[in-house]
Amino acid sequence: MKPLRLSSLDPVRMPEWRWAPFLSHAINALIPLKPEPYPVAPEFLQREGKTGSKSQPIKVTTCTWACRTKKFRQVRAACVEAGSSASVLNFVINPYHTFDLPFFGADLVTLPSGHLLALDLQPAITSDERHTKQVWERLMPIFEQWRVRLPEGGPIPEEAKPYFSPGFIWTRLHLGSEGNQLIDEVIMPAFRDYLNLYLDLVEMAEEVSPQRAFKLLEGQKRYLSYRAKKDPARAMLARFHGHQWTESYIHNVLFDL
Ligand code: DBV
């Protein structure tokens, strides 16, 4: 039996979960910011389910790790472990709208067809230099350094483009040793670099005026309602845990502003 998780800060322990080192790294990097629990209803802290066939069922576990800090409204990790069917870490940092900060977003997805990997510092308002310039200037050299070592992930929907930075890392890798090596040698250090840069921007960030904060809040709401509406995990989560649970999880936990 897995120990029940009672707080959003309780450790996520799922044997075989592909993305454990990434979540550990992020949690450790957040320690200096003094994380406090984020309210998450018990049915979303840990949920068991089943997939596969009647004769060969596969156990599914979905856990949510989350916190808040002085400058972060919500940091949350959706962690899915379903054996050979899926292993996912979807990790988003939501800053308070009183700071001119982007989101930190990572989507690390392992499916039977391969790994699908996304990493970005996503703007709340793309068409606003004051919001993007300082971030992109520092992000682009890091992006250039890692993306040359990764295959292109292929087209993304046109309507999604306003929500990405030009430093969006997006790749698909094969399962097996070749993919694993790229995850260790490229995706992990890129994740560390993006998070380091992000935490540096956060440390420097100072509160903005109420007018500016209002504009940022509108941008954040637009971004999160887009993510909730188009969540690519919706079908998978509904298969694992049912429609009702999934809709509530998407709207009340994952994208809850
Ligand atoms: N994606 C989420 C959440 C997930 C999740 C909350 C709880 O936003 C997983 C889990 N993403 C997930 C899964 C798939 C994708 C795909 C399971 C595969 C869906 C499937 O093939 O059935 C990046 N993720 C994708 C895709 C993109 C992203 C572009 C492909 C979509 C498609 O082909 O239709 N997600 C997107 C993104 C961020 C992100 C840019 C932020 C960095 O989190």
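Quick look at the structure, then. Not measured: the values here are computed from a predicted model.

Cut-offs used in this document
- Throughout this description, residue numbers start from 1 for each chain and increase along the sequence as written.
- Since the coordinates come from a predicted model, pLDDT governs what is reported: local features require at least 70, and pairs of side-chain atoms require 80 or more to be given and counted, while whole-chain, interface and lining totals use all residues.
- Side-chain measures were taken over the full set of non-hydrogen atoms in the model, leaving aside hydrogen atoms and water.
- Per the convention used, a helix needs a DSSP run of H or I reaching at least four residues, while a strand needs a run of E reaching at least two, with both numbered from the N terminus.
- A helix is expected to reach a length of 1.5 Å times the quantity of its residues less one.
- Each residue gets one of three labels from its accessible area relative to the maximum for its type: buried under 20%, exposed over 50%, partly exposed in between, using a 1.4 Å probe on protein chains only.
- Salt bridges are identified by distance alone: a Lys or Arg side-chain nitrogen within 4 Å of an Asp or Glu carboxyl oxygen.
- Residues enter a nonpolar core if they are buried and are Ala, Val, Leu, Ile, Met, Phe, Trp, Tyr or Cys, with the set joined through side-chain atoms within 4.5 Å.
- Here, two residues are considered to be in contact whenever any of their heavy atoms come within 4.5 Å of each other.
- When at least one non-hydrogen atom of a residue lies within 4 Å of a molecule or strand, that residue is treated as near it.
- For the purposes of these results, a polar contact is taken to be a pair of N or O atoms within 3.5 Å, where, inside protein, one atom must be able to donate a hydrogen and its partner to accept one; residues adjacent in sequence count only when each atom of the pair is a side-chain atom.
- Only the protein chains shown count as cover for residues, and all accessible areas are computed by the Shrake-Rupley method using a 1.4 Å probe.
- Definitions used for this entry: grid spacing 1 Å over protein atoms alone; cavity, a set of points where a 1.4 Å probe fits but cannot get out; pocket, an open set with protein on both sides within 12 Å along at least 5 of 7 lines; lining residue, one with an atom within 4 Å of a point.
- Placement in a cavity or pocket follows one criterion, namely that more than half of the molecule's atoms lie within 2 Å of its grid points.
- In this classification, the charged set is Asp, Glu, Lys and Arg, the nonpolar set is Ala, Val, Leu, Ile, Met, Phe, Trp, Tyr, Cys and Pro, and all remaining amino acids, among them Gly, are polar.
- Pairing between strands requires that DSSP locate at least two bridges from one strand to the other.

Observations concerning helix α5 (residues 210-230)
Stage number 1. With 21 residues, α5 extends 30 Å between its outermost C-alpha atoms, agreeing within 8% with the 30 Å of an ideal straight helix rising 1.5 Å per residue.
Stage number 2. Among all positions in α5, only R212, A213, L216, L217, G219, Q220, Y223, L224, Y226, R227 and A228 are buried.

Describing the pattern of salt bridges
Stage number 1. In this structure the tally under the stated criterion is 11 salt bridges.
Stage number 2. With a closest N to O distance of 3.5 Å, E185 and R149 form a salt bridge. Linking E185 in helix α4 (residues 177-204) with R149 in the loop between α3 (129-147) and β8 (169-173), this pair joins segments that are 36 residues apart in sequence.
Stage number 3. When its relative accessible area of 40% is taken as the criterion, R149 is described as partly exposed.
Stage number 4. Through salt bridges with shared partners, one network takes in D100, D128, R212 and K215.

Quick word on the environment of S24
Stage number 1. Inspection of the secondary structure assignment puts S24 in helix α1 (residues 20-30).
Stage number 2. Sequence separation between S24 and R172 is 148 residues; the distance between their C-alpha atoms is 23 Å.

Some thoughts on the nonpolar core
Stage number 1. Among the nonpolar cores identified, the biggest contains 49 residues, and L89, F91 and F104 are the most heavily contacted of them.
Stage number 2. The dominant element in this core, judged by the number of residues it contributes, is α4, at 14 residues.
Stage number 3. Look past the residues within four positions of F91 in its chain and what remains in contact with it is A26, V75, R76, A77, F104, G105, A106 and F191.
Stage number 4. Formed by 37 residues, the second largest nonpolar core is a distinct cluster that contains A82, A118, W245 and Y249.

Focus: the site of the ligand
Stage number 1. Around the ligand lies a shell of 21 residues, among which N90, D107, F164, R227 and D231 are the nearest.
Stage number 2. Side-chain polar atom of D107 to a nitrogen atom of the ligand: 2.6 Å apart, as the coordinates give it.
Stage number 3. When isolated, the ligand has an accessible area of 850 Å², and the protein chains bury 79% of it.
Stage number 4. Most atoms of the ligand, that is more than half of them, are within 2 Å of grid points of the largest pocket.
Stage number 5. When contributions to the shell around the ligand are tallied by element, the ones reaching two or more residues are β4 (72-82), β5 (86-95), β6 (103-111) and β7 (114-122).
Stage number 6. The residue inventory of the shell around the ligand, partitioned by class, reads 14 nonpolar, 3 polar and 4 charged.

Regarding the pairing of strand β3 (residues 57-68)
Stage number 1. As paired elements, strand β1 (residues 36-37) and β3 share 2 bridges and run antiparallel to each other. Directly across from E36, in β3, lies its bridge partner R68.
Stage number 2. Inspection of the sheet shows strand β2 (residues 46-52) paired to β3 by 7 bridges, in the antiparallel sense. When the bridges of β3 are listed, G49 appears paired with V60.
Stage number 3. Adjacent in sequence and paired antiparallel, β2 and β3 are bridged by 4 residues.

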